[in-house]
Amino acid sequence: MNSSANAEYLLNDLLRDVSRSFYLTLRLLPGAVRHQIGLAYLLARATDTVADTEAISIEKRLATLQLLREQIASAAPVKIDLGEVQARQTSDGEKVLLERINDALALLRELGPDDRQLVQQVLETITSGQELDLQRFGHVSSNNIVSLQSFAELDDYTYRVAGCVGEFWTRICVAHLSPKPMMPLEDLIARGLRFGKGLQLVNILRDFPADLRLGRCYLPREMLDRVSLAPEDLLDPTNEQRLRPTYNELLALGEDHLKTAWAYVLALPRSWVRVRLACALPVLIGVKTLNKLRISNVLNPDTRIKVSRAEVKRIMRETVMFYPLDSVWKNLPSRVLRA
């Protein structure tokens, strides 16, 4: 398969198979940045697949992650075989992704030097977060719950696995698109970091009861101590009211992050229509999700908090429909909450 056909398959068919939601976002992006962002996502998905393969020992997963980090960073990579991890996948898409990892690495080598460095940097940060997560939670269970110790650890985690993506996304777009934003680059990056952190915090808060039953508690111990709760207490949904003050602190932080994320979207040039639409959708879905978490028992494992397909379709429709009406479009978060 030649390079062009290889890129077409990996960044279209395969990416669609391993992430239908991000694939929709990617298709919105202009061609000048779609290839780089799609490739970065595909490589991050490969490392995440390795980290999540529970049928393989923690030690082997860490060793495989380290191998991938080295190959991503290398100027002259060697072919690698991920057959053992690949064989343990239940998803056909993820099996193919690991089988074709050398093809994805070859595409990375074909990027221009500046783009390649940005992709390598963001993946170095993401994989460091994945490794840290494995080291913290590698031997946990519902009978042996481990929690983060401090808010600083939570903030660091959200930066490593998502906040850094906001910086990468911003630098790639500013490098390749015109006109340039009026806001200074470093200020825009600071908003982009909070954009990524906010989306990750939404995921943490939404998935909290499921993560608990896997032995992972992302609510910091120092915050739980203030309301005299241990991680094990949170397996009991009747403790939700005791947890609420602490949980609401993180909800408020998530809301503040997403307000900054929306300010990020509005700071992008209006002519960057595709980028603005691609950014707007996850922010608005995040806003809607946080609102649902405010009125739900967030310790109940039987209640999966999510924005329905019908709600997502409505948000997508309004995001496009109201784009020409700037006074309406800039207030879409409030409109989503009222719906």
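For the structure itself, look to the data block above.
Conventions adopted
Residues numbered from 1 in each chain as written. Predicted model: local features only at pLDDT ≥ 70, side-chain atom pairs only at ≥ 80, totals over all residues. Heavy atoms only, no water. Helix = DSSP H or I, 4+ residues; strand = E, 2+ residues; numbered from the N terminus. Rg over C-alpha atoms; globule rule 2.2 N^0.38 Å. Areas by Shrake-Rupley, 256 points an atom, 1.4 Å probe, with all protein chains shown as cover. Lys, Arg positive; Asp, Glu negative; His and termini not counted. Charge placed at Lys NZ, Arg CZ, Asp CG, Glu CD. Buried < 20%, exposed > 50% of the residue type's maximum accessible area, 1.4 Å probe, protein only. Core = buried A, V, L, I, M, F, W, Y, C linked by side-chain atoms within 4.5 Å. Contact = heavy atoms within 4.5 Å. Salt bridge = Lys/Arg side-chain N within 4 Å of Asp/Glu carboxyl O.

S.K.: Honestly, the overall build of the protein chain in this entry has me stumped. Any pointers?
M.R.: Of regular secondary structure, the protein chain possesses 17 helices and two strands. Against the 2.2 N^0.38 benchmark of 20 Å for 339 residues, the protein chain shows a C-alpha radius of gyration of 20 Å, consistent with a compact globule. In terms of overall dimensions, the protein chain has C-alpha extents of about 60 × 55 × 35 Å along its principal axes. When the accessible surface of the protein chain is totalled, it reaches about 15,400 Å², and 51% of it is carbon and sulfur. Each charge sign in the protein chain was given a centre, from 44 positive and 41 negative side chains, and these centres are 8 Å apart.

S.K.: Where do I start with unusual backbone geometry in this structure?
M.R.: Most peptide bonds adopt trans geometry, and most residues besides glycine take a negative phi value. Note that the residue after Ser178, namely Pro179, is joined by a cis bond; omega there is -5 degrees. Relative to the assigned elements, Pro179 resides in the loop between helix H9 (151-176) and helix H10 (185-206). Phi at Ser228 is positive, roughly 55 degrees, even though this residue is not glycine. With respect to the secondary-structure elements, Ser228 resides in the loop between helix H12 (221-225) and helix H13 (240-267). Residue classification places Ser228 among the exposed positions, given a relative accessible area of 55%.

S.K.: When you look at the nonpolar core in this model, what are you seeing that I'm missing?
M.R.: One recurring pattern in soluble globular proteins: nonpolar side chains tend to sit buried together. Ile37, Trp169, Leu234, Leu243, Val275 and Trp329 are the most contacted members of the largest nonpolar core, which totals 104 residues. Residue contributions to this core peak at 11 residues, all from helix H14 (residues 273-294). The contact partners of Trp329, leaving out residues within four places of it in the chain, are Trp262, Val265, Leu266, Arg276, Leu277, Ala280, Thr319, Phe322 and Tyr323.

S.K.: I keep staring at the pattern of salt bridges and nothing clicks. Help me out?
M.R.: Close approach of charged atoms allows side chains with opposite charge to pair. In total, this model carries 21 salt bridges according to the counting rule given. Of the charged contacts, one joins Asp13 and Arg16 as a salt bridge, the two residues approaching to 3.6 Å between their closest N and O atoms. With Asp13 and Arg16 both in helix H1 (residues 3-18) and three residues apart, this pair spans about one turn of that helix. Arg171 is paired through a salt bridge with Glu186; the nearest N and O atoms lie 3.5 Å apart.

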